[in-house]
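The residues making up each chain are set out below.
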Amino acid sequence: MRVLLQRVASAKVDVEGQTVSQIGVGLLALVGIAEGDGQEDAEWLCKKIVQSRIFEDENGVMNCSLAEIGGDVLAVSQFTLYASTKKGNRPSYTAAARPEFARPFFDAFVNRLAETLGKPVPTGVFGAMMQVSLVNDGPVTLWLDSRARE
């Protein structure tokens, strides 16, 4: 699994001109799922997302986690995180999981993330053409890959 994590002052997802999800202060998590991803990958990422100390404390130092500040997460499925650009100019997405695996896995991941955070996690609409808007705070952007574990 891969997650592009962005600290935000706010974020929202629109589908066909309608806002389907939005958050205030917290994290926008763009989530890519690959064939072979499993429970261990999801568990590791949930902990990283909730516990990463990337929010400022009273001294302006990034020393607080999402859980500590009471922030929200907006999770958006993003198969293009598995794009390969090795050959030619058109990316290949063959490393991304097929929808029949990715959709239930994404739903299970979001449920586990909500349990870890202790509150609901809004999402985009799986497979839909979405417009994602955000106010990136910092900016602070992290790349998390459950297979690299860096």
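Draft legend 1. How the structure looks around the side chain of S52. Along the chain, S52 falls in the loop between α1 (39-51) and β4 (55-56). A distance of 2.5 Å separates the side chain of S52 from the backbone oxygen of K48, its partner in a polar contact. Setting aside residues no more than four positions away along its own chain, S52 makes contact with K47, C64, S65 and L66.

Draft legend 2. Layout of the nonpolar core. Residues I49, V73 and F109 are the most contacted members of the largest nonpolar core, which totals 32 residues. When residues of this core are traced back to their parent elements, those giving at least two are β1 (2-15), β3 (26-32), α1, β6 (72-77), α3 (99-117) and β7 (131-145). With eight residues, α3 is the single largest residue contributor to this core. Ranked by size, the runner-up nonpolar core spans eleven residues in total, among them V8, I23, L30 and L81.

Draft legend 3. How the structure looks around the side chain of S146. As for its placement among the helices and strands, S146 is situated in the segment after β7. Here the side chain of S146 touches D41 through a polar contact of 2.7 Å, side chain to side chain. The residues contacting S146, other than those within four sequence positions of it, are M1, D37, D41, W44 and L45.

About the criteria used
- Residues numbered from 1 in each chain as written.
- Predicted model: local features only at pLDDT ≥ 70, side-chain atom pairs only at ≥ 80, totals over all residues.
- Heavy atoms only, no water.
- Helix = DSSP H or I, 4+ residues; strand = E, 2+ residues; numbered from the N terminus.
- Polar contact = N/O pair within 3.5 Å; in protein donor to acceptor, adjacent residues only side chain to side chain.
- Contact = heavy atoms within 4.5 Å.
- Core = buried A, V, L, I, M, F, W, Y, C linked by side-chain atoms within 4.5 Å.
- Buried < 20%, exposed > 50% of the residue type's maximum accessible area, 1.4 Å probe, protein only.

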